[in-house]
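# Tertiary structure, described
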Amino acid sequence: QVELEESGGGLVQAGGSLSLSCAAFGLTFRSYVMGWFRQAPGKEREFVANSDWSFTDIYYADSVKDRFTISRDNTRNMVYLHMTNLKPEDTAVYYCAAARFRPGYIDYAEEYEYDYWGQGTQVTVSS
């Protein structure tokens, strides 16, 4: 069975930092693009960041670029999201997701490209 388990969420003041972790089970980790999405209250889920297995293709949403960093440890089947200079608008449930590699061009910022999802971890940023 495939499971993705996020951890590391919590309450942080604006300007602070927080690191999220995602552990993947039951899949060939290096065959998957790993991504982070988030969903704020009353809003649609949105793309945050993703990384291929080799770290050569890494993308960030404009809203988090230069503040968030995605990384992964392929030997431990772990993906991380280090967040700095957090803002109240970063408040959301953050989801880890895995997308199996597919031939051709794939936009891994699209939710529908992802095969597996974690249950999410809450990040709350106070002013």
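What comes next is a walk through the structure.

Calculation notes
- Residues numbered from 1 in each chain as written.
- Predicted model: local features only at pLDDT ≥ 70, side-chain atom pairs only at ≥ 80, totals over all residues.
- Heavy atoms only, no water.
- Helix = DSSP H or I, 4+ residues; strand = E, 2+ residues; numbered from the N terminus.
- Polar contact = N/O pair within 3.5 Å; in protein donor to acceptor, adjacent residues only side chain to side chain.
- Contact = heavy atoms within 4.5 Å.
- Buried < 20%, exposed > 50% of the residue type's maximum accessible area, 1.4 Å probe, protein only.
- Phe/Tyr/Trp six-rings, centres within 6.5 Å; stacked < 30°, edge-to-face > 60°.

## Description of the side chain of D90
Turning to its location among the elements, D90 is positioned in the loop between β8 (78-83) and β9 (92-100). At 2.9 Å, the side chain of D90 forms a polar contact with the side chain of R38. Engagement of the side chain of D90 in a polar contact is seen with the side chain of R67, the distance being 2.8 Å. Look past the residues within four positions of D90 in its chain and what remains in contact with it is R38, R67, F68, N85, V123 and V125.

## Description of unusual backbone geometry
Positive phi values are uncommon outside glycine, yet F55 reaches one of about 70°. In this fold, F55 is placed in the loop between β5 (46-51) and β6 (58-60). Taking relative accessible area as the criterion, F55 reaches 38% and is therefore assigned partly exposed. Located in the positive-phi region is N85, a residue other than glycine, with phi close to 45°. Within the secondary structure layout, N85 lies in the loop between β8 and β9. Given a relative accessible area of 42%, N85 falls into the partly exposed group.

## Quick word on the environment of Q1
Mapped onto the secondary structure, Q1 falls in the segment before β1 (3-7). Taking relative accessible area as the criterion, Q1 reaches 78% and is therefore assigned exposed. The sequence separation of Q1 and F25 amounts to 24 residues, and the corresponding C-alpha distance is 7.5 Å. Contact partners of Q1, with chain neighbours within four places excluded, come to F25 and G26.

## As for the packing of aromatic side chains
Summed over the entire model, instances satisfying the criterion amount to 6 aromatic pairs. Seen in terms of ring centroids, F37 and Y114 are 5.0 Å apart; in terms of plane orientation they differ by 85°. Their pairing is edge-to-face. Of the two residues, F37 sits in strand β4 (residues 32-39) while Y114 sits in the loop between β9 and β10 (116-117), which places them 77 residues apart along the sequence. By relative accessible area, F37 is classed as buried at 0%. Overall, Y114 belongs to the buried group, its relative accessible area being 6%. For the ring pair Y114 and W117, a centre distance of 5.9 Å and an interplane angle of 55° mean the geometry is tilted.

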